[in-house]
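Each chain is listed here by its residues.
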Amino acid sequence: MPRAILCLLDSFGIGGAPDAADFGDAGADTLGHIAQACAEGRGDIEGIRKGMLYLPNLDGLGLGAAAELSTGTVPPGLTNTSLGGRWGVGREVSIGKDTPSGHWEIAGVPVPFAWGYFPNENPAFPLELLEKIHEAAGLEGSLANTHASGTQVIEDFGEESVRTGKPIFYTSVDSVFQIAAHEDHFGLENLYALCETVFKFTAPLRIGRVIARPFVGEDAKSFKRTGNRRDFAIDPPEDTLLDRLKSADRQVYAIGKVSDIYATRGITHKIKASGNMVLFDRTLEAMDMATDGALIFTNFVDFDTEFGHRRDPGGYADALEQFDRRLPELIAKLRDDDLLVITADHGNDPTWPGTDHTREQVPILLFSRALGKASIGLRPVLSDIGETIAHWLGIAPGKHGTSAL
């Protein structure tokens, strides 16, 4: 019985979403603009990378061809020729451009409602909500309470948080309530407990996630976020592909933040890891453990958090090239009837104004030794990805999307 390995390159959009203007993102193109920056020398990082974007393995699976289908242009350094596998473009129908919307839709459940958001004003959170949280959690107060970059807000308020014991509350244009606190001085378990308390108040507001953002260090110059992030998320409104597989007694390996995004539903093996290359290692290890009919699902989050939000095209290019260099390792471990799926959940163009996600289409790259090369075209809903996996693994189709095979 075949298996499926789903590698989600968080935020790796390829431009071209027809409704991008509705989100203020007309013209955004994560892959295209990274490739252009590299071609112009703006992606050079001394001692790390230089020159054109070089992704021969992803390009060989059809990445350049998918980008051309999405935007009409092949990014510099890529080609429009697939050497093997099937390629296409995924278009999101969910209302948001956030992590839960993209992930849920990929797993067969488009988001049927509008998320709640906090306004970009100070304070960003209603005073009544803050008072309820402070009272329920026994806090003397909280810091920031604004829209902010996660790294900047720790630099600005981290020392005060350590000194006063007050956590840092912040948000963004995504449907999130984020809480940063020092792992040692505030305590990691205390931070998780606080997030659970806050989630009880934010869930009725349709705020998608409360995110624990622990950090360590001794002062503003040395503060650094750790890999102990945890997301407390609203449950998907229907059974996802993961639920359906688990109900069919299949193994579902959730690597990285995948389990949190689906509120732990449909997961049989939860593997936490931090850093793209460590996540890659855990994916290879899961391939050694996974039995027939299993799904291995990894979110490679650094593309989004470390380079997209931080508007770092050179760093994003380097991360893509690191992933590309290791891709042959994964392909070599595939059984003859395994299916590899590489895709993304939204865009985060590192050359775009602001620090937030961008509304883009995403690549869909499918590879198996049992498949010939061909285009799967433009898929009108990301749920086609989940239905393709369901079809490959031999389980009944879901309510949304159709198999590309």
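Here the structure is a predicted model, which means the values were calculated and not measured.

1. Here we look at the overall build of the protein
A count of helical and extended segments in the protein gives 13 helices and 14 strands. Summarising its shape, the C-alpha atoms of the protein cover approximately 60 × 50 × 40 Å along the three principal directions. When burial is assessed residue by residue, the protein has 60% of its 405 residues classed as buried. Here the analysis covers contacts within the protein between residues at least 6 apart in sequence; of these, 68% occur between residues at least 24 apart. For the protein, the distance from the average position of its 38 positive side-chain charges to the average position of its 57 negative side-chain charges is 3 Å.

2. Considerations on the nonpolar core
As a rule of thumb, nonpolar side chains are buried together in soluble globular proteins. In terms of nonpolar packing, the biggest core is built from 85 residues, with Leu295, Phe323, Leu340 and Ile342 touching the most fellow members. Beyond its immediate chain neighbours, meaning those up to four positions away, leucine 295 contacts Ala4, Leu6, Leu241, Leu242, Leu245, Gln251, Val252, Tyr253, Ile389 and Leu393. Residues Leu129, Tyr192, Leu194 and Val198 belong to the second largest nonpolar core, which totals 22 residues.

3. Some details on the packing of helix H5 (residues 127-137) against helix H7 (residues 183-202)
At a minimum axis separation of 10 Å, H5 and H7 run at an interaxial angle of 140°. Considering their axes alone, H5 and H7 lie oblique with respect to each other. Note that H5 runs across H7; the crossing there is right-handed. Residues Leu129, Lys132, Ile133, Ala136 and Ala137 of H5 form the contact with H7, whose participating residues are Leu194, Thr197, Val198 and Phe201. Across the contact of H5 with H7, the residue classes tally to seven nonpolar, one polar and one charged.

4. Examining the sheet that holds strand S11 (residues 295-300)
Hydrogen bonding along the main chain pairs the strands of a sheet, whether they run parallel or antiparallel. The strand order S10-S9-S11-S1-S12-S13-S2-S14 describes an open sheet built from eight strands, whose pairing is mixed. Strands at the two margins of the open sheet, each flanked by one partner only, are strand S10 (269-271) and strand S14 (374-379). Mean inter-strand twist for the sheet, computed between neighbouring axes without regard to direction, equals 15°. Sheet topology places strand S12 (residues 339-343) next to strand S13 (residues 362-367); three bridges connect them, and they run antiparallel. Residue pairing in the sheet places leucine 340 in a bridge with phenylalanine 367 of S13. This element, helix H13 (residues 383-393), spans strand S1 (4-9), S11, S12, S13 and S14 of the sheet and lies at about 175° to S12.

5. Description of the layout of surface pockets
By volume, the largest pocket is sized at about 560 Å³. In terms of lining residues, the largest pocket is bounded by 25 residues, among which Arg225, Thr226, Gly227, Ser274 and Glu306 are the most central. Of all the secondary structure elements, the ones that give two or more residues to the lining of the largest pocket are helix H6 (150-164), strand S6 (209-216), strand S7 (224-225) and helix H11 (302-308). A breakdown of the residues in the lining of the largest pocket according to their chemical character gives seven nonpolar, eight polar and ten charged. Taken as a whole, the second largest pocket encloses approximately 380 Å³ of empty space.

6. Topic: helix H4 (residues 99-106)
The buried count for H4 comes to eight of eight residues, which makes it a mostly enclosed element. Within H4 the residues assigned to the buried category are Thr99, Pro100, Ser101, Gly102, His103, Trp104, Glu105 and Ile106. As for H4, its buried residues are in contact with S1, S6, helix H9 (258-261), S11, S12 and H13. A side-chain oxygen of the first residue of H4 lies 2.9 Å from the backbone nitrogen of serine 101; this N-cap is aspartate 98.

7. Some details on the side chain of aspartate 260
When you line up the elements, aspartate 260 lands in helix H9. On the accessibility criterion, aspartate 260 (4% relative accessible area) is buried. Within the local environment of aspartate 260, its side chain forms a polar contact with the side chain of lysine 272, the two groups lying 3.3 Å apart. With residues near it in sequence (within four places) discarded, aspartate 260 still touches Arg229, Arg230, Asp231, Ala233, Lys270 and Lys272.

8. Some points on the pairing of strand S2 (residues 86-90)
In terms of burial, S2 is a largely internal element, four of the five residues being buried. With five bridges joining them, S2 and S13 adopt antiparallel strand pairing. Residue pairing for S13: arginine 86 is matched across the bridge by leucine 366. Across five bridges, S2 lies against S14 in parallel orientation. Following the sheet pairing, glycine 90 is matched in S14 by arginine 379.

9. A word on the packing of helix H1 (residues 30-39) against helix H12 (residues 313-333)
The contact between H1 and H12 brings their axes to 9 Å, and the two run at 105°. It follows that H1 is roughly perpendicular to H12 by the angle criterion. Residue-level inspection shows Thr30, Ile34, Ala37 and Cys38 of H1 in contact with H12, the latter providing Pro313, Tyr316, Ala317 and Leu320. Taken together, the residues of the contact of H1 with H12 break down into seven nonpolar, one polar and no charged.

10. Focus on unusual backbone geometry
A cis amide bond links asparagine 122 with the next residue in sequence, proline 123, at an omega value of -5°. In this model, alanine 144 sits at a positive phi of 75°, which is unusual for a non-glycine residue. Position of alanine 144 relative to the elements: it lies in strand S3 (residues 143-147). Even without being a glycine, asparagine 145 presents a positive backbone phi close to 50°. For asparagine 145, the location among the structural elements is in strand S3.

Cut-offs used in this document
Residues numbered from 1 in each chain as written. Predicted model: local features only at pLDDT ≥ 70, side-chain atom pairs only at ≥ 80, totals over all residues. Heavy atoms only, no water. Helix = DSSP H or I, 4+ residues; strand = E, 2+ residues; numbered from the N terminus. Buried < 20%, exposed > 50% of the residue type's maximum accessible area, 1.4 Å probe, protein only. Contact = heavy atoms within 4.5 Å. Lys, Arg positive; Asp, Glu negative; His and termini not counted. Charge placed at Lys NZ, Arg CZ, Asp CG, Glu CD. Core = buried A, V, L, I, M, F, W, Y, C linked by side-chain atoms within 4.5 Å. Axes fitted to C-alpha atoms, helices over the stretch in contact; angles between N-to-C directions. Parallel < 35°, antiparallel > 145°, perpendicular 65-115°, else oblique. Left-handed = near helix turned anticlockwise from the far one by under 90°. Nonpolar A, V, L, I, M, F, W, Y, C, P; charged D, E, K, R; others polar. Pairing = 2+ DSSP bridges. 1 Å grid on protein atoms, 1.4 Å probe; cavity = no way out; pocket = protein on both sides within 12 Å on 5 of 7 lines; lining within 4 Å. Points joined across faces, edges and corners; volume = space filled by probe spheres on them. Polar contact = N/O pair within 3.5 Å; in protein donor to acceptor, adjacent residues only side chain to side chain.

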